[in-house]
Each structure stands twice: as structure tokens, then as C-alpha cells.
Amino acid sequence: MLEQINRLLAQAESAITAVTTTEALEAYRVEYLVRKGAIASLFDQLRSVPPAEKPGVGKALNELRTRVQQLYDAKAAELRSPGPAAERTLDLTLPGRRGFTGTRHPLTRTMDEIISIFVGMGFGIADGPELEDDYHNFEALNFPPDHPARDMQDTFFVSKTALLRTHTSPVQIRVMKEHRPPVRVIMPGRVYRNEAVSARSLSAFYQIEGLYVDKGVTFSELKGTLVAFARQFYGRDIKFRFVPSFFPFTEPSAEMYITCFLCKGKGCRMCKHTGWLEVLGCGMVDPNVFRNVGYDPDEVTGYAFGMGIDRTAALRYGVDDLRLFYESDIRFLNQF
Ligand code: PHE
């Protein structure tokens, strides 16, 4: 009898490991635990066991029933929650997953670098609204009423008078109207132009503007400041040249070029085979602009400059399509 009990226990213990569904579990219960099941029928045989052996056999039978009930309960709990099964598929020997570290956007990096160079020279930082009016964006900056830059072609007009600023120069007006000279600030920000988007031009991009007004500011100070900047930003050994240009709000005006650092001046695709790259526009603040903000042009002089940050970043990092800066493509951004 004890032998039969042990055999049934072994059988029940191995059978439970094959149970993976609630249907199989129910079959298991019917086989072992119901009133007409295998264990109950052993209990029935207890009657024919010799009286001397009854206590020992009875005890073994009770233990069998308790044990099988435990196996059943444990399996039922396991099937109810997938937890333990899922845990068994967790491979603790797998190498860990590396977290992703973000990086600063190349435009942000370029802007921060330019800002820190000018801050190191004593410039403060100012900003103004992207939604501007005709007065700040054009009129106060000495754009004659019929200037082509006012044409609907270039400017996004929001209403008859409200527009998206086409450059950061209106911030010059706001700063000078707020502060008496001396004024020495840089003004980074987003600007908008109604242009077809291409590899070389965008309809929204960033500029950084510089303005220094004081008694006796000269063009050679402008040159000195910009050359010092370019050497820090583009490298010690660049060559540069200033070419006469025109802006309504500066007189005289110039554009600054540096030797192409890709081909070192020999001529390549980046510099359109000229050996030179245009990096910024600049000039001495026009007396009319001073009059518009209430400064006396006989008392103060000043210089201003402006550069496109997207273009600067493209030159700096050798990026040949400005649109890449705005596509949020991780494969591109990961390289910075
Ligand atoms: N605002 C000019 C532009 O957008 C750049 C500039 C700024 C030129 C300041 C001269 C002085 O092209």
C-alpha cells in the first residue's frame, strides 16, 4: 500500500510539470483530486489494510493528498499571472543596454560659441520679437519706402503693418531706443524670408547681430573686432578681406570674406571655386538710423554686423545642405 502511495505521488509530481493550460489543469484535478479520483480510491482501500498498519498508511495518504493539492494550487496561481513564466525567460547574462545621450544641436552649438566669443570681448546680449512691424524692420533702419526688400517677395506679411522680421537688425532699433550710448550688444534670433527652400536658402533661419555705439567708434575697430572673432572661430591662420557692399542702415558697408578653409583658397565646391567665403555683412551705423532712435550723430558713431548662423554652421562643419539642420535626422545629428 505504501508503495502504491509513493508511486502515485511520483506520478502526480511529474504530471504537474506538463500542465501549461487551464484545461490541462482541470484534467489533472479530475484525475487526482475529485471524489472518484486516484487519491480517493486509495482512501477507499484503507478499509482492507491490517489494523496495525492503518495509522502509518493513513498518515501517508493524508500527506499525499496535501502535497498534490499544493501542486495544483501553485500551478493554478502560476497560470493566472504570467509573471513567473515571464521571469523564467529573462536572460540575466545579456549585456546591458546603453542609454542614449542627447547632444546639443549644431545650430545651438554654433550660436553658443559665437555668443561666448563676443561676450568675452565685453558684449551684452539682447533680443526682440520675431513678429515685427514695418517701422522697426524697415523704416527706422533707413529703408526708403520703395526699397525692393519691402516687396512681398521677400517678406512674410501678417497684416498691412505686422510682419515676420526679415533680419535681426530691428533689435538694434529697440535696444537704442531703450538705452543711451554706450551700447555694446549682440542679438541672436530667428528670422524669416519668403524664399523658396533649397540646399542654400531657407525661409526661416537664425542670425546674430552685433552693435557697438559710443563716442569715437571707428571702422578700424569694427575690422579689428571681426578679425579677432574670425580667428577665434574659424582658426588662427585664416586670411580675410573686406569688400565694399550696401545696406540701407550702414554707411560705409562691407562684407567680410575669409579664405575657404576646406581648400585653403585653392577653389572648391564650398567656395564656388573662388577660394573665398562670405561670412558676414557689416558697416558703420548710418546717421539717419541714429536720428531715428534719438541719438546725435555728431556726438556718437558706431558699427553693426550681422551673420547667418545656419550658413556659419554649414561652413564650419562642412554641411552642404542647410535643410539638414531642420530635419531632426538622428543619423545627421549624432555626428556633432
Ligand atoms: N541685416 C543684414 C542682413 O540681414 C546684415 C547686416 C547687419 C549688415 C548689420 C550690416 C550690419 O543681411
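Residues numbered from 1 in each chain as written. Predicted model: local features only at pLDDT ≥ 70, side-chain atom pairs only at ≥ 80, totals over all residues. Heavy atoms only, no water.

J.: Describe the nonpolar core, listing the residues and the values that go with them.
T.: If you look at soluble globular proteins, the nonpolar side chains tend to sit buried side by side. Core analysis: the largest hydrophobic core is formed by 49 residues, its most contacted members being Met256 and Phe305. In terms of nonpolar packing, the next biggest core, distinct from the first, is built from 23 residues, Leu141, Val183, Val185 and Tyr295 among them. (Core = buried A, V, L, I, M, F, W, Y, C linked by side-chain atoms within 4.5 Å. Buried < 20%, exposed > 50% of the residue type's maximum accessible area, 1.4 Å probe, protein only.)

J.: Can you lay out the domain arrangement of the chain for me, pointing to particular residues and giving the numbers?
T.: Assigned domains of the chain: these are domain 1 (2–88) and domain 2 (106–333). Distance between the C-alpha centres of domain 1 and domain 2: 86 Å. (Domains from an automatic or database assignment.)

J.: I'd like a rundown of the site of the ligand, residues and numbers included.
T.: Neighbouring residues of the ligand: 14 residues in total, closest His167, Ser169, Arg193, Gln207 and Glu209. The contact in question runs from a nitrogen atom of the ligand to an N or O atom on the side chain of Ser169, over 3.0 Å. Within the contact set of the ligand, an oxygen atom lies 3.0 Å away from a side-chain nitrogen or oxygen of Gln207. A total of 330 Å² of accessible area belongs to the ligand in isolation, and the protein chains cover 89% of it. At 3 residues, strand S9 (residues 301–308) tops the list of elements feeding residues into the shell around the ligand. (Near = heavy atom within 4 Å. Polar contact = N/O pair within 3.5 Å; in protein donor to acceptor, adjacent residues only side chain to side chain. Areas by Shrake-Rupley, 256 points an atom, 1.4 Å probe, with all protein chains shown as cover. Helix = DSSP H or I, 4+ residues; strand = E, 2+ residues; numbered from the N terminus.)

J.: Tell me what's going on with the pattern of salt bridges, and back it up with residues and numbers.
T.: Going through the model one piece at a time under the given rule, you end up with 10 salt bridges. Its salt-bridge partner being Lys59, residue Glu63 comes within 3.7 Å of it at the nearest N-O pair. Taken together, the residues Glu63 and Lys59, both in helix H4 (residues 54–80) and 4 residues apart, mark about one turn of the helix. The residue Glu78 makes a salt bridge to Lys75 at a minimum N-O spacing of 3.8 Å. Of this pair, Glu78 and Lys75 both sit in helix H4, 3 residues apart, roughly one helical turn. (Salt bridge = Lys/Arg side-chain N within 4 Å of Asp/Glu carboxyl O.)

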